[in-house]
Amino acid sequence: MAPSTPSSSDVPETASSSLMEQIRWDERGLVPAIVQDDLTGQVLMLAYMNREALERTLETGEAHFWSRSRQALWHKGESSGNVQRVRAVHIDCDGDTLLLLVDPAGPACHTGRRTCFYRRLDGEQDPEAKPFRQRLSDLLAGRKAHPRETSYTSRLFQAGTARILQKVGEEAVEVIIAAQNEPRERLIAEAADLLYHLHVALLAYDIGWEEIDAALRERYHP
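Scope of this entry: the structure provided in the associated data block.

So, on to the overall build of the protein. Helix and strand content of the protein: seven helices and six strands. From first element to last, N terminus to C terminus, the protein shows the α and β order α-β-β-α-β-β-β-β-α-α-α-α-α. Taking all contacts inside the protein whose residues are at least 6 apart in sequence as the whole, residues at least 24 apart take part in 50%. In the form shown here, the protein has an accessible surface area of approximately 13,500 Å², with 52% of it arising from carbon and sulfur atoms.

Looking at the element boundaries, Lys167 is found in helix 5 (residues 161–181). For Lys167, a relative accessible area of 13% translates into the label buried. Each C-alpha atom, one on Lys167 and one on Asp193, is 9.6 Å from the other, the two residues being 26 residues apart in sequence. Filtering out sequence-adjacent residues up to four positions away, Lys167 remains in contact with Tyr152, Leu156 and His197.

Next up on the list: the pairing of strand 4 (residues 72–75). Taken together, the four bridges between strand 3 (residues 64–67) and strand 4 define a ladder with antiparallel strand orientation. When the bridges of strand 4 are listed, Phe65 appears paired with Trp74. The turn joining strand 3 and strand 4, which pair antiparallel and follow one another in sequence, is formed by four residues; a positive phi near 55° is taken by Gln71.

Buried residues dominate strand 2 (residues 43–49), accounting for five of its seven residues. Here six bridges tie strand 1 (residues 31–37) to strand 2, and the two strands are oriented antiparallel to one another. Residue pairing across strands places Val35 opposite Met45, the latter belonging to strand 2. Where strand 1 folds back on strand 2, the antiparallel hairpin that results is connected by five residues, among which Gly41 adopts a positive phi of roughly 80°.

Among the nonpolar cores identified, the biggest contains 19 residues, and Val35, Met45, Met49, Leu54, Phe65, Leu98 and Leu100 are the most heavily contacted of them. Among the elements of the structure, strand 1, strand 2, helix 2 (51–60) and strand 6 (98–104) are those that each provide at least two residues to this core. Considering every element that reaches this core, the biggest residue donor is strand 2, with four residues. Apart from residues lying up to four places away in sequence, Met49 is in contact with Trp25, Gly29, Leu30, Val31, Ala33, Leu54, Thr57, His64, Phe65, Trp66, Leu98 and Leu100. Of all hydrophobic cores here, the second largest spans nine residues; its members include Leu140, Ile164, Val168 and Tyr196.

Moving on to the sheet that holds strand 6. Strand order across the open sheet formed by four strands is 2-1-6-5, with mixed pairing between neighbours. Each end of this open sheet is capped by a strand with a single partner; those strands are strand 2 and strand 5 (84–91). Taken over all neighbouring pairs, the strand axes of this sheet differ in orientation by 25° on average, direction set aside. Packing against the sheet, helix 2 makes contact with strand 2, strand 5 and strand 6, and its axis sits at approximately 125° to strand 2.

Despite not being glycine, Gln71 has its phi angle at roughly 55°, a positive value. Topologically, Gln71 is positioned in the loop between strand 3 and strand 4. Although it is not a glycine, Asp206 sits at a positive phi angle of roughly 55°. Looking at where Asp206 falls in the secondary structure, it is placed in the loop between helix 6 (184–204) and helix 7 (209–219). Owing to a relative accessible area of 61%, Asp206 belongs among the exposed residues under this scheme.

An ideal rise of 1.5 Å per residue puts 30 Å on 21 residues; helix 6 measures up with 30 Å between its terminal C-alpha atoms. For helix 6, the set of buried residues is Glu190, Tyr196, His197, His199, Val200, Ala201, Leu202 and Leu203. On its buried face, helix 6 sits against helix 3 (132–145), helix 4 (152–159), helix 5 and helix 7. Of the residues trailing helix 6, Asp206 is marked for its positive phi of about 55°.

Now for the environment of Gln36. Here Gln36 shows up in strand 1. Measuring from C-alpha to C-alpha, the distance between Gln36 and Leu46 comes to 9.1 Å, with 10 residues separating the pair along the chain. Ignoring any residue separated from it by four or fewer positions in sequence, one finds Gln36 in contact with Gly41, Gln42, Val43, Leu44, Leu99, Leu100, Leu101 and Val102.

What counts, and at which threshold
Residues numbered from 1 in each chain as written. Predicted model: local features only at pLDDT ≥ 70, side-chain atom pairs only at ≥ 80, totals over all residues. Heavy atoms only, no water. Helix = DSSP H or I, 4+ residues; strand = E, 2+ residues; numbered from the N terminus. Contact = heavy atoms within 4.5 Å. Areas by Shrake-Rupley, 256 points an atom, 1.4 Å probe, with all protein chains shown as cover. Buried < 20%, exposed > 50% of the residue type's maximum accessible area, 1.4 Å probe, protein only. Pairing = 2+ DSSP bridges. Core = buried A, V, L, I, M, F, W, Y, C linked by side-chain atoms within 4.5 Å. Axes fitted to C-alpha atoms, helices over the stretch in contact; angles between N-to-C directions. Expected span 1.5 Å × (residues − 1).

Below you can see the structure in the form of structure tokens.
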């Protein structure tokens, strides 16, 4: 389910003049801008903005940057179609960095990867630098597609949807009991169990968290 195009309520047409004046542009008139997926929280890229790029971003609702190599204004996705619809722009406490929360229409990286941060300094393979929930989803989907005899998750999928839904119900009751009678740590543990089993249930019906996130976004526009 694709996120809707930003409305006028999503991105202001002009930035607050007082906040604009708080931006600490460097000697070249630039400020770094971190780009983050608004739905998943995944950090996608780092780019630079000058005042014109920021103003164009706020006016159009799509990310514009300043290309230091080409020395030109850069509309992200103008040629590739991988535009970034901006939901919000934040300024950090020191005023020297911006944060863009976006709905990406495609990969952020010129390599075709979803994020530019796909390499790890310790040499471990992490091709997409995915958030934990997505990595967990991939792991559970792998247990579904390639069952392991010793895996509880694989046994759940093999037991079928009736058993999976029964477990969701049982864990929901455990959450209620913990909330009413148990310490905070127990509630956290039971909530984790419930979310795990709900995740398995969604995968059993071939539903991904991104579809849940998109449904929530349609109902609630922060």
